[in-house]
Amino acid sequence: MTPRQFVLHTLLTEINIASHLILNRFERLAPGGLTEPQFGVLNHFARLKKPAESPSHLARAFQVSKGTMTNTLQRLEARGYVMIEPDPDDGRAKIVRPTAAGLLARDAALAEISPAFEPLFENVTTAELEAMLPLLRKLRFALDDAPDR
């Protein structure tokens with residue numbers, strides 16, 4: 001293993017462990033039994049200000065199977081957090097729209113869980129957090145654009 005490969009492996013290991021710990025903490029703290037995948041879909045709509053998406057596009061965006069995304073969307077629909085409608089341009093396809101209740105649930109989840117994460121970063125300055133963002137985004141874009149995605 002080259003020194004660069006060792007550093008890359010160590011970095012990816014740290015990211016993987018941090019991701020696992022964050023997801024576990026999120027699911028323990030999320031209000032009303034909202035799961036991380038459900039939150040992720042609602043956050044996708046809110047963050048990107050998307051009024052609607054196809055289930056296929058959401059599955060690709062989250063890199064999950066269509067069946068997995070369908071399950072998540074059905075659970076969100078049962079809670080009244082999304083509407084799944086026929087695509088007006090293609091009657092065989094579906095369109096997913098977040099509801100006002102869904103976007104409020106996303107906001108409530110953020111408000112409830114954010115204070116629990118704050119103490120974890122009390123020794124990290126805002127400037128240090130901001131400095132991490134470009135590198136993490138660069139990694140995300142590289143993974144998103146990978147040909148084997």
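See the structure shown above.
Here we summarise the structure given alongside this text. Just so we're clear, the structure is a prediction, and the values are computed from it rather than from any experiment.

1. Digging into the pattern of salt bridges
Within the structure shown, the criterion is met by 4 salt bridges. A salt bridge links Lys50 to Glu53; its shortest N-O distance comes to 3.5 Å. Taking the shortest distance from any N to any O, the salt bridge between Asp107 and Arg106 comes out at 2.9 Å. Accessibility expressed as a relative area gives 39% for Asp107, which makes it partly exposed. Classification of Arg106 as buried rests on a relative accessible area of 15%.

2. Some words on the packing of helix 1 (residues 3–29) against helix 2 (residues 36–48)
Two elements in contact, helix 1 and helix 2, have axes whose closest approach is 10 Å; the angle formed by their N-to-C orientations is 90°. Between helix 1 and helix 2, the interaxial angle falls into the category roughly perpendicular. Of helix 2, the residues touching helix 1 (which contributes Leu23, Phe26 and Glu27) are Glu36, Pro37 and Phe39. Here the contact of helix 1 with helix 2 is built from residues that sort into 4 nonpolar, no polar and 2 charged.

3. Here we look at the environment of Ala30
As for its placement among the helices and strands, Ala30 is situated in the loop between helix 1 and helix 2. Taking C-alpha positions, Ala30 is 35 Å from Pro88, a pair spaced 58 residues apart along the chain.

4. Some details on the nonpolar core
Formed by 19 residues in total, the largest nonpolar core has its most connected members in Leu34, Leu73 and Leu76. When sequence neighbours within four positions are dropped, the list of residues in contact with Leu34 reads Phe26, Phe39, Leu42, Leu76, Arg79, Tyr81, Ala105 and Ala109.

5. Digging into the pairing of strand 2 (residues 90–98)
Direction of pairing for strand 1 (residues 82–87) relative to strand 2: antiparallel, over a ladder of 6 bridges. Across the sheet, Pro86 pairs through a bridge with Lys94, a residue of strand 2. Between the end of strand 1 and the start of strand 2, which pair antiparallel, lie 2 residues.

6. Comments concerning unusual backbone geometry
Non-glycine residue Lys49 carries a positive phi angle of around 55°. If you trace the backbone, Lys49 turns up in the loop between helix 2 and helix 3 (55–62). Backbone geometry places Gln63, a non-glycine residue, at a positive phi of 55°. Locating Gln63 in the fold gives a position in the loop between helix 3 and helix 4 (66–78). Residue classification places Gln63 among the partly exposed residues on the basis of a relative accessible area of 47%.

How each quantity is defined
Along each chain, the written sequence defines residue order, and numbers are assigned to residues from 1. It should be noted that, the model being predicted, local features are given only for residues of pLDDT at least 70 and side-chain atom pairs only at 80 or more, the latter also being counted only at that level, while totals for whole chains, interfaces and linings use all residues. Calculation of side-chain values draws on the structure's entire complement of heavy atoms; hydrogens and water are dropped beforehand. Definition used for salt bridges: Asp or Glu carboxyl oxygen within 4 Å of a side-chain nitrogen of Lys or Arg. Burial classes follow relative accessibility: with a 1.4 Å probe on protein chains only, a residue under 20% of its type's maximum area counts as buried, one over 50% as exposed, and anything between as partly exposed. Orientation is described by lines fitted to C-alpha atoms, with helices fitted over the stretch in contact, and by angles between N-to-C directions that extend from 0 to 180 degrees. Only DSSP runs of H or I reaching four residues or more are called helices, and only runs of E reaching two or more are called strands; each is numbered from the N terminus. Working definition: roughly parallel below 35 degrees, roughly antiparallel above 145 degrees, roughly perpendicular at 65 to 115 degrees, and oblique for all remaining angles. Here, residues are in contact when the closest pair of their heavy atoms is within 4.5 Å. Gly is put with the polar residues, along with every residue not named as nonpolar or charged; the nonpolar set is Ala, Val, Leu, Ile, Met, Phe, Trp, Tyr, Cys and Pro, and the charged set is Asp, Glu, Lys and Arg. As used here, the term nonpolar core means buried Ala, Val, Leu, Ile, Met, Phe, Trp, Tyr and Cys residues forming a set that is joined through side-chain atoms within 4.5 Å. DSSP-based pairing: two strands are paired if at least 2 bridges between them are found.

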